[in-house]
Amino acid sequence: MRTVGVGTDGGQPRLSPNGPSERGAWGAAAALMVSATLCFVILDSILKHLAESGFGIGMLVTVRNLVQVLALAALAPLIGRSILRPRRLGLNAARGLSVVLATVFIPLSLTHLPMAQTYAVTFSAPLIAAVLASLLLGERAGWPRWLCILAGFGGVLVALDPGGVGLEPALFYPLAMAAANAAFHVLTRLGRDEDPLAMTFWSGAAAFAICAAALPGTFDPLPLPALALLGIGGLV
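Rules of the game
- Residues numbered from 1 in each chain as written.
- Predicted model: local features only at pLDDT ≥ 70, side-chain atom pairs only at ≥ 80, totals over all residues.
- Heavy atoms only, no water.
- Helix = DSSP H or I, 4+ residues; strand = E, 2+ residues; numbered from the N terminus.
- Buried < 20%, exposed > 50% of the residue type's maximum accessible area, 1.4 Å probe, protein only.
- Contact = heavy atoms within 4.5 Å.
- Axes fitted to C-alpha atoms, helices over the stretch in contact; angles between N-to-C directions.
- Parallel < 35°, antiparallel > 145°, perpendicular 65-115°, else oblique.
- Left-handed = near helix turned anticlockwise from the far one by under 90°.
- Core = buried A, V, L, I, M, F, W, Y, C linked by side-chain atoms within 4.5 Å.
- Expected span 1.5 Å × (residues − 1).
- Arc of directions from axis to C-beta.
- Salt bridge = Lys/Arg side-chain N within 4 Å of Asp/Glu carboxyl O.
- Polar contact = N/O pair within 3.5 Å; in protein donor to acceptor, adjacent residues only side chain to side chain.
- Phe/Tyr/Trp six-rings, centres within 6.5 Å; stacked < 30°, edge-to-face > 60°.

S.K.: For this particular structure, what's the right way to read the side chain of Thr-103?
M.R.: Secondary-structure assignment places Thr-103 in helix H3 (residues 89–110). With a relative accessible area of 4%, Thr-103 lands in the buried category. Not counting chain neighbours up to four residues away, the residues in contact with Thr-103 comprise Leu-47 and Val-61.

Below, the structure written as structure tokens:
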């Protein structure tokens, strides 16, 4: 996938397509984001179902990450062994931690709040990412986009509806998941010189290592149907 470059404005990066090729790249990026969101919905639904069935969240997250790592490792001979040679292990480890946090907060959110409300709040992740990108990466969005970002945050406050469910800790679960997702996206942008598949593999490996370290306290035997669902979740 071709990386979309950023232009400059007074020496500062800016986000705007300057020609047909860049506009096409932006369209492809938008389509990929929509596809990724669909995959997240499938994974979230699986985790919600299994968590509500009484299985431990720690074990669910561990198996899901293990499936992803094993699948990519098995495909390495076909897609290139370059995925096994990361350039920035520290960055991938940070992405792995973001994956673990986001995945843990998914079932916590969905088992305490309605799915519609949860997703309305987690859609604030791109808004948080835009703010972080401006602060950490120097990317300039322009005042029209900042107005849209502020309007988006206003929509998140409406979706939270604290008066409807009460000021309970559950309200912070989807916000924490959105923050973890935003950090994940910004870290991905920081590692844009890394092979995408290598980044996915090593971030998943880091996430699994973090989960495996917690296994003594989270181990929970899973039946075959649950493992099969997690297999699907790990592949998407």
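S.K.: Please explain the packing of H3 against helix H9 (residues 196–213) as it appears in this structure.
M.R.: To characterise two packed helices, one gives the angle between the axes of the helices and the distance between these axes. Relative orientation of the contacting elements H3 and H9 amounts to 60 degrees, with a least axis distance of 7 Å. Between H3 and H9, the angle falls in the class oblique. H9 is crossed by H3, and the crossing has right-handed handedness. Along the contact surface, H3 presents Leu-89, Asn-92, Ala-93, Arg-95, Gly-96, Leu-97, Val-99 and Val-100, while H9 presents Met-199, Thr-200, Trp-202, Ser-203, Ala-206, Ala-207, Ile-210 and Cys-211.

S.K.: Just checking my understanding: could you explain the nonpolar core for this structure?
M.R.: Note that soluble globular proteins tend to have their nonpolar side chains buried in a common cluster. Counting 17 residues, the largest nonpolar core has Leu-47, Leu-50, Phe-55, Leu-60, Leu-222 and Leu-230 as the members making the most contacts within it. The greatest single-element share of this core, amounting to five residues, is contributed by helix H1 (residues 20–52). When near neighbours in sequence (up to four residues on either side) are disregarded, Leu-222 contacts Phe-55, Met-59, Leu-60, Val-63, Leu-227 and Leu-230. Residues Val-99, Val-100, Phe-184 and Cys-211 belong to the second largest nonpolar core, which totals six residues.

S.K.: Even after reading the chapter, I still don't get helix H11 (residues 224–235), so can you show me in this structure?
M.R.: Three- or four-residue spacings in an α-helix give side chains the same orientation, since the helix completes a turn every 3.6 residues. For H11, with 12 residues, the first-to-last C-alpha span of 16 Å sits near the 16 Å given by 1.5 Å per residue. Three or more residues of H11 are buried, namely Ala-226, Leu-230, Gly-231, Gly-233 and Gly-234. Projected down its long axis, H11 shows its buried positions confined to an angular sector of 165 degrees, all on one face. In H11, the exposed positions that point more than 90 degrees away from the buried face belong to Leu-224, Pro-225 and Leu-235.

S.K.: What is the right way to look at the pattern of salt bridges in this model?
M.R.: Where charged atoms of side chains with opposite charge meet at close range, the side chains can pair. Taken as a whole and assessed by the stated rule, the structure comprises two salt bridges. For Lys-48, the salt bridge identified is with Glu-52, shortest N-O distance 2.7 Å. Taken as a pair, Lys-48 and Glu-52 lie in helix H1 at a separation of four residues, close to a single helical turn. Judged by relative accessible area, which is 18%, Lys-48 ranks as buried.

S.K.: Could you clarify how one ought to interpret helix H5 (residues 125–137) in this entry?
M.R.: Within H5, burial applies to Ala-125, Leu-127, Ala-129 and Ala-133. Count one or two residues on from H5 and you reach Gly-138, which has phi positive near 75 degrees.

S.K.: What is the right way to look at the environment of Gln-68 in this model?
M.R.: Mapped onto the elements, Gln-68 comes out in helix H2 (residues 57–79). As for Gln-68 and Gly-233, which are separated by 165 residues in sequence, their C-alpha atoms are 8.7 Å apart. Excluding its chain neighbours within four sequence positions, the residues that come into contact with Gln-68 are Thr-200, Gly-204 and Gly-234. Within the local environment of Gln-68, its side chain forms a polar contact with the side chain of Arg-64, the two groups lying 3.1 Å apart.

S.K.: Explain the packing of aromatic side chains here, please?
M.R.: Two aromatic rings, taken as a pair, are described by how far apart their centres are and by the angle between their planes. Enumeration over the complete set of coordinates arrives at two aromatic pairs. Here Phe-105 and Tyr-173 contribute two aromatic rings whose centre-to-centre distance is 6.1 Å and whose plane-to-plane angle is 35 degrees, an arrangement assigned as tilted. Taken together, the residues Phe-105 in helix H3 and Tyr-173 in helix H8 (residues 172–190) connect sequence positions 68 residues apart. Classification of Tyr-173 as partly exposed rests on a relative accessible area of 22%. Relative to Trp-202, the ring of Phe-201 lies with its centre 5.1 Å away and its plane at 90 degrees, an arrangement referred to as edge-to-face. Here Phe-201 falls in the buried class, since its relative accessible area comes to 8%. Given a relative accessible area of 24%, Trp-202 falls into the partly exposed group.

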